[in-house]
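Structure at a glance
Read off the chains here:
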Amino acid sequence: MINMRTSHLLAIFLLPLCTHASPGGDTTINGVKVNFEYALNIFPESWRTSPINAWGDPIPSGEIVRSEAIMVKALNKYPLTVLKKELTSIYFLRSMKFYDVSYGGTNSTDAVYITNNGIAVGYTEFYLEQTFHHEFSSILFRNHVEFLDTSDWKRNNLASFDYNDPENGVGSIRNNQSSQDLDSVLCEKGFLTQYAMSSMENDINTFAQNIFCPTAEFRRVMEKYPRINKKVKLLIAFYNKINPAFTEDFFKKLKNQS
């Protein structure tokens, strides 16, 4: 199964910034190629045939500069050594579909795919940056699953709970159960959002997008609900094993967003 998910529209760690624009309009940021031109072969070959049938649409040209600026901000939150080892490319599109379902973001072995069709229809800076952290966390989790205490993670769910989407989120999207809005009722049970309940990976993704791009509401939720607080600490410990720069103090210093 390919790893993909969506989000229905709804102090930076300073590193030496390195950007390089190519004649085709693509850009390299801190060693990661950010792509704005679309061709079907940006998707892995196994995605291009049935039943996945990957499909995409080029990003509006007016959104390229803004997308690049957002990625500068997002990528500067990761040490260069992490980016060099774990991520080669980011692809921006207007829209994309898999299994005939629209996606806001997805990821492959070493690439992230993000849709952006403009602020007017909900693709804000906040949404796009959170989408990147969400998707990149899947790559890191697959590559370093041994760094996360998954048994302890599951102990912070209700004892009777079992993740409910064997398709790793595809079923939740089809059934309109992919909201990324913070939900206080679910927070009591150890989940930030409805979509987080579909799989453990999606649960991790929702925490990652919020620790790297936090809001005041998320910080209140983190302090109020013990299950949420414990998962945050487990995820920070996971990132700290990837690179010691990721400390609790690092995440505390990240500026609140909208």
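Cut-offs applied
- Residues numbered from 1 in each chain as written.
- Predicted model: local features only at pLDDT ≥ 70, side-chain atom pairs only at ≥ 80, totals over all residues.
- Heavy atoms only, no water.
- Helix = DSSP H or I, 4+ residues; strand = E, 2+ residues; numbered from the N terminus.
- Buried < 20%, exposed > 50% of the residue type's maximum accessible area, 1.4 Å probe, protein only.
- Areas by Shrake-Rupley, 256 points an atom, 1.4 Å probe, with all protein chains shown as cover.
- Axes fitted to C-alpha atoms, helices over the stretch in contact; angles between N-to-C directions.
- Parallel < 35°, antiparallel > 145°, perpendicular 65-115°, else oblique.
- Contact = heavy atoms within 4.5 Å.
- Nonpolar A, V, L, I, M, F, W, Y, C, P; charged D, E, K, R; others polar.
- 1 Å grid on protein atoms, 1.4 Å probe; cavity = no way out; pocket = protein on both sides within 12 Å on 5 of 7 lines; lining within 4 Å.
- Points joined across faces, edges and corners; volume = space filled by probe spheres on them.
- Phe/Tyr/Trp six-rings, centres within 6.5 Å; stacked < 30°, edge-to-face > 60°.
- Lys NZ or Arg CZ within 6 Å of the ring centre and 35° of its normal.
- Salt bridge = Lys/Arg side-chain N within 4 Å of Asp/Glu carboxyl O.
- Core = buried A, V, L, I, M, F, W, Y, C linked by side-chain atoms within 4.5 Å.

Once that is clear, we can look at the overall build of the protein. Assigned secondary structure in the protein consists of ten helices and nine strands. Classification of the 258 residues of the protein by burial places 54% in the buried group. For the protein, the exposed area adds up to about 11,400 Å²; of that, 53% sits on carbon and sulfur atoms.

A few words on the packing of helix H7 (residues 200–212) against helix H9 (residues 226–242). It is at 10 Å that the axes of H7 and H9 come closest, and there the two elements cross at 80 degrees. By the angle between their axes, H7 is roughly perpendicular relative to H9. Between H7 and H9, the residues in contact are Asp203, Ile204, Phe207, Ala208, Ile211 and Phe212 and Ile228, Lys231, Val232, Leu235, Ile236 and Tyr239, respectively. Considered class by class, the residues forming the contact of H7 with H9 number ten nonpolar, no polar and two charged.

Looking at the second largest pocket, its volume works out to about 210 Å³. Broken down by secondary-structure element, the contributors of at least two residues to the lining of the second largest pocket are H7, helix H8 (216–224), H9 and helix H10 (248–252). Split into classes, the residues belonging to the lining of the second largest pocket amount to seven nonpolar, two polar and five charged.

We now examine unusual backbone geometry. The omega angle of the peptide bond from serine 50 to proline 51 is 10 degrees, so this bond is cis rather than trans. Looking at where proline 51 falls in the secondary structure, it is placed in the loop between strand E4 (32–35) and strand E5 (55–58). Positive phi outside glycine occurs at asparagine 30, with the angle close to 50 degrees. Using a relative accessible area of 6% as the deciding quantity, one classes asparagine 30 as buried.

Further remarks concern the side chain of glutamine 130. Residue placement: glutamine 130 occurs in helix H3 (residues 125–143). On the basis of relative accessibility, which here comes to 9%, the residue glutamine 130 falls in the buried class.

This next bit is on the packing of aromatic side chains. Aromatic ring pairs are reported here in terms of the distance separating the ring centres and the angle at which the planes meet. What the rule picks out here adds up to 28 aromatic pairs. Put simply, the rings of Tyr78, Phe132, Phe136, Phe212, Phe238, Tyr239, Phe246, Phe250 and Phe251 pair up and form one aromatic cluster. A cation over an aromatic ring shows up here: lysine 231 above the ring of phenylalanine 191, its NZ or CZ 4.4 Å from the ring centre.

So, on to the pattern of salt bridges. Tallied over the entire structure, the rule returns ten salt bridges. Among the ionic pairs, arginine 94 bridges to aspartate 57, the shortest N-O distance being 3.0 Å. On the criterion of sequence distance, the pair formed by arginine 94 in strand E6 (residues 89–98) and aspartate 57 in strand E5 is long-range, its members being 37 residues apart.

The subject of this paragraph is the nonpolar core. Met71, Leu87, Ile90, Phe132, Phe136 and Tyr239 are the most contacted members of the largest nonpolar core, which totals 58 residues. The element that contributes the greatest number of residues to this core is H9, accounting for eight residues.

Next up on the list: the side chain of asparagine 157. Inspection of the secondary structure assignment puts asparagine 157 in the loop between helix H4 (150–155) and helix H5 (170–174). Among residues more than four places away in sequence, those in contact with asparagine 157 are Tyr163, Lys189, Gly190, Phe191, Asp203, Arg227 and Lys231.

Bear in mind that shape data such as this cannot, by itself, settle questions of function.
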